[in-house]
Amino acid sequence: MSTPKKQWILNAFVMQSPGHLNPGLFKYPRDKGRKYNDIKHWISLAQKLEAAKFHAIFFADVLGGYDVYKGPGNLEPTIPAASQFPINDPLYSVPAMAAATENIGFGITASTTYELPYALARKFSTVDHLSNGRVAWNIVTSYLDSAARNFGLNTQIEHDERYRIAHEYLDVVYKLWEGSWRDDAVSNAPQGTYADPSAVRQINHKGKYFQVPGPHICEPSRQRTPFLFQAGTSTAGRKFAATHAEAIFLNGHTAELVRPSVDSIRAQAKELGRNSHSVKIVAGVLVIVAETDEKAQAKFEELARYGDREGALALFGGWSGYDLSKYGDDEDFRFLDSAPPAVRSMVNHWASTSPQGWKWNKKTIAEHLIIGGNGAKIIGSPTTVADELERWIEVADVDGFNLSYASIPETFDDLIEHLLPELRRRGLVWSDYAVPGGTLRENYFSEQGKNRLSDSHPGAKYFWKAGEEVPEYMKDASDPRSKDTIEQAC
Ligand SMILES: Cc1cc2nc3c(=O)[nH]c(=O)nc-3n(C[C@H](O)[C@H](O)[C@H](O)COP(=O)(O)O)c2cc1C
């Protein structure tokens, strides 16, 4: 008997901005990027993706402008190209999209560096309630100096320190989400009362970075802790992912280049006592698909004509921290000793799959990033694209894809019309949600009843189960926190 093929996770990867990974494409006549301020635009996209059975619509987000290129502090190349600027906060659109759908999940990026955990926990509990458990938090530590300056810092907090803060941050929110309200605090409240005060507890978190007495100001939502996504690939980022993430988003130019990161995350998760394949990994990919390879290539070239090269170099500046305006137009970064090693290695990766004879100068870098950013690009007929995606799953050992767009919603329309039927024919994607009306966690794991974090997840040690006098982590009677129920605190 042959083993059934693993069914892939598919997310749409978007941003509430006129341009995401497609600077300048708002000028392309069929692109609706300019409608990012219109809630109907997002509702209609969510409905369309739900009808096509996407797992989630995943919103990237940033908290500052891309002002490194020709900078520092210069947004002149960024603003005309709408390079992720202007950008709205995606969280506020979740209730409207949720009211118009039943199954699709909503991934929301939010930073542990610039918002306090108590406020973030409240916001995510609110949208998890209003969406009936369909929210994911994409945990990021952020990367833009401009964000740091706007949040009152002279420069960014040092990279690994941001991750140390993030670890403690997660402890605080787990305590609020999992350990502040007993599971039956509301359902088993004494007659005539809303909730049992002895089942709602201070968390009294006193750490190096945060002081949060609690209790959590929201009652627990269906998932309690929203489904946890993470994106970050440095050594510290991978350790953080292996510890906390239930799903991880990786970018990479080729499947071969992504594989070592996947192996490293899975190995670390295993060392930490987690099931390495229970951590879902999705790769960022741009797919341009049409009836034939030729038509798909022609479509890509047409789209690329609208791209803004200066805007692409502005994005590169923000992502890498390097200002390419300091280099000559003709300098090939693969061989340039004065180029930062990180840039040389990035360009060498890209060059490994580019046609022979390409020169990797500023112009080529801009061309390369004009659509789809630093993720892989797959262009072709349904058969070509499906073959290549199958190869990705095999070679990179990923569980699915975050599919970005060149033109919104046209790129998704093309995927739905051309690619999804081919993937369904091959048995690679589900034909319906595993748990219709279920939470995002139930659908991500295809497991009915799996609304909560797994027992092997570090957040599980804060569970406060029905019938327990105090949560497990507070059982030590010498710990003063073990006495802080609301009744005693008042
Ligand atoms: C694929 C991918 C997507 C990301 N998306 C975002 C995002 O939407 N917003 C953000 O602030 N950071 C985003 N990041 C940044 C990371 O979360 C992280 O803060 C940053 O990359 C620095 O960590 P690192 O050095 O571990 O990668 C993304 C990173 C990756 C790899």
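Data block above holds the structure.
Analysis parameters
Residues numbered from 1 in each chain as written. Predicted model: local features only at pLDDT ≥ 70, side-chain atom pairs only at ≥ 80, totals over all residues. Heavy atoms only, no water. Axes fitted to C-alpha atoms, helices over the stretch in contact; angles between N-to-C directions. Helix = DSSP H or I, 4+ residues; strand = E, 2+ residues; numbered from the N terminus. Parallel < 35°, antiparallel > 145°, perpendicular 65-115°, else oblique. Left-handed = near helix turned anticlockwise from the far one by under 90°. Contact = heavy atoms within 4.5 Å. Nonpolar A, V, L, I, M, F, W, Y, C, P; charged D, E, K, R; others polar. Salt bridge = Lys/Arg side-chain N within 4 Å of Asp/Glu carboxyl O. Buried < 20%, exposed > 50% of the residue type's maximum accessible area, 1.4 Å probe, protein only. Near = heavy atom within 4 Å. Polar contact = N/O pair within 3.5 Å; in protein donor to acceptor, adjacent residues only side chain to side chain. Areas by Shrake-Rupley, 256 points an atom, 1.4 Å probe, with all protein chains shown as cover. Phe/Tyr/Trp six-rings, centres within 6.5 Å; stacked < 30°, edge-to-face > 60°. Lys NZ or Arg CZ within 6 Å of the ring centre and 35° of its normal. 1 Å grid on protein atoms, 1.4 Å probe; cavity = no way out; pocket = protein on both sides within 12 Å on 5 of 7 lines; lining within 4 Å. Points joined across faces, edges and corners; volume = space filled by probe spheres on them. Core = buried A, V, L, I, M, F, W, Y, C linked by side-chain atoms within 4.5 Å.

Draft legend 1. Up close: the packing of helix H6 (residues 159-179) against helix H7 (residues 235-244). Between H6 and H7, the least distance of the axes is 9 Å, while the angle of their chain directions is 15 degrees. As summarised for this structure, H6 and H7 are arranged roughly parallel, according to the angle between their axes. By crossing handedness, the relation of H6 to H7 is classed as right-handed. Residues His 159, Asp 160, Tyr 163, Ala 166, His 167, Leu 170 and Tyr 174 of H6 form the contact with H7, whose participating residues are Ala 236, Gly 237, Phe 240, Thr 243 and His 244.

Draft legend 2. Seen up close, the packing of H7 against helix H8 (residues 255-271). Contact pair H7 / H8: the axes reach a minimum separation of 8 Å and the direction vectors enclose 50 degrees. As the angle between them shows, H7 and H8 are arranged oblique. The two elements H7 and H8 meet at a crossing, and its hand is right-handed. Residue-level inspection shows Arg 238, Lys 239 and Ala 242 of H7 in contact with H8, the latter providing Ser 261, Ser 264, Ile 265, Gln 268 and Ala 269. Taken together, the residues of the contact of H7 with H8 break down into three nonpolar, three polar and two charged.

Draft legend 3. Molecular detail of the pattern of salt bridges. Applying the stated criterion across every chain, the model contains 31 salt bridges. Between Glu 256 and Arg 391 there is a salt bridge whose closest N-O contact spans 2.7 Å. Of this pair, Glu 256 sits in helix H8 while Arg 391 sits in helix H13 (residues 382-396); the two residues are 135 residues apart in sequence, bridging distant segments of the chain. A residue is classified by how much of its surface remains accessible, and Glu 256, at 42% relative accessible area, is partly exposed. Residue classification places Arg 391 among the partly exposed positions, given a relative accessible area of 32%. With a shortest N-O distance of 3.5 Å, Lys 359 and Asp 330 are connected by a salt bridge. Separated by 29 residues along the polypeptide, Lys 359 in the loop between helix H11 (341-351) and helix H12 (362-369) and Asp 330 in the loop between helix H10 (309-320) and H11 bring together distant segments of the chain. Looking at Asp 330, the relative accessible area reads 52%, which means it is exposed.

Draft legend 4. Quick look at the site of the ligand. Around the ligand sit 16 residues in total, of which Asp 61, His 159, Tyr 163, Ala 231 and Ser 234 are the nearest. Take Thr 141: an N or O atom from its side chain is 2.9 Å from an oxygen atom of the ligand. The backbone of Ala 231 places a nitrogen or oxygen atom 2.2 Å from an oxygen atom of the ligand. Here the ligand loses 85% of its free accessible area of 600 Å² to cover by the protein chains. At the level of secondary structure, the elements contributing two or more residues to the shell around the ligand comprise H6 and strand S8 (247-251). A breakdown of the residues in the shell around the ligand according to their chemical character gives six nonpolar, nine polar and one charged.

Draft legend 5. Inspection of the packing of aromatic side chains at higher detail. Under the defined criterion, the tally for this structure stands at 25 aromatic pairs. Each ring, one from Tyr 28 and one from Tyr 306, has its centre 5.4 Å from the other, and the planes form 70 degrees; the classification is edge-to-face. Taken together, the residues Tyr 28 in the loop between strand S1 (9-15) and helix H1 (39-51) and Tyr 306 in the loop between helix H9 (293-305) and H10 connect sequence positions 278 residues apart. Judged by its relative accessible area of 26%, Tyr 306 falls in the partly exposed class. Each ring, one from Tyr 163 and one from Phe 240, has its centre 5.7 Å from the other, and the planes form 50 degrees; the classification is tilted. One end of the pair, Tyr 163, is in helix H6; the other, Phe 240, is in helix H7, and 77 residues separate them in sequence. One aromatic cluster is present, built from ring pairs that chain together Phe 13, Phe 58, Phe 227, Phe 229, Phe 249, Tyr 444 and Phe 445. Geometry around Phe 26 places Lys 27 over its ring, the cationic atom sitting 6.0 Å from the centre.

Draft legend 6. Structural context of the layout of surface pockets. Of the volumes computed, that of the second largest pocket is approximately 660 Å³. In terms of lining, the second largest pocket is formed by 27 residues, of which the most central are His 253, Thr 353, His 368, Lys 377 and Ile 379. Elements supplying a minimum of two residues to the lining of the second largest pocket: H8, H9, H12, strand S10 (376-380) and H13. Of the residues belonging to the lining of the second largest pocket, the class tally is 13 nonpolar, seven polar and seven charged.

Draft legend 7. How the structure looks around the nonpolar core. Counting 89 residues, the largest nonpolar core has Trp 137 and Phe 401 as its most contacted members. Among the elements that take part in this core, H6 stands out by supplying 10 residues, more than any other. Non-local contacts of Phe 401, meaning those with residues more than four positions away in its chain, are made with Trp 8, Ile 9, Leu 10, Asn 11, Val 282, Ala 283, Val 285, Leu 389, Trp 392 and Ile 393. Counting residues in each nonpolar core, the second largest holds 28 residues, with Phe 300, Tyr 327, Ile 370 and Ile 371 among its members.

Draft legend 8. Local environment of unusual backbone geometry. Omega for the peptide link from Gly 214 to Pro 215 comes to 0 degrees, which places this bond in the cis form. Residue Pro 409 follows Ile 408 across a cis peptide bond; omega there is 0 degrees. Examined against the element boundaries, Pro 409 turns out to sit in the loop between strand S11 (400-404) and helix H14 (410-425). Positive phi outside glycine occurs at Ser 142, with the angle close to 75 degrees. Residue Arg 224 is not a glycine yet carries a positive backbone phi of 60 degrees. Mapped onto the elements of the fold, Arg 224 is located in the loop between strand S6 (211-212) and strand S7 (227-230).

Draft legend 9. Geometry of the side chain of Ser 142. For Ser 142, the position within the fold is in the loop between strand S4 (135-140) and helix H5 (145-150). A distance of 2.7 Å separates the side chain of Ser 142 from the side chain of Ser 111, its partner in a polar contact.

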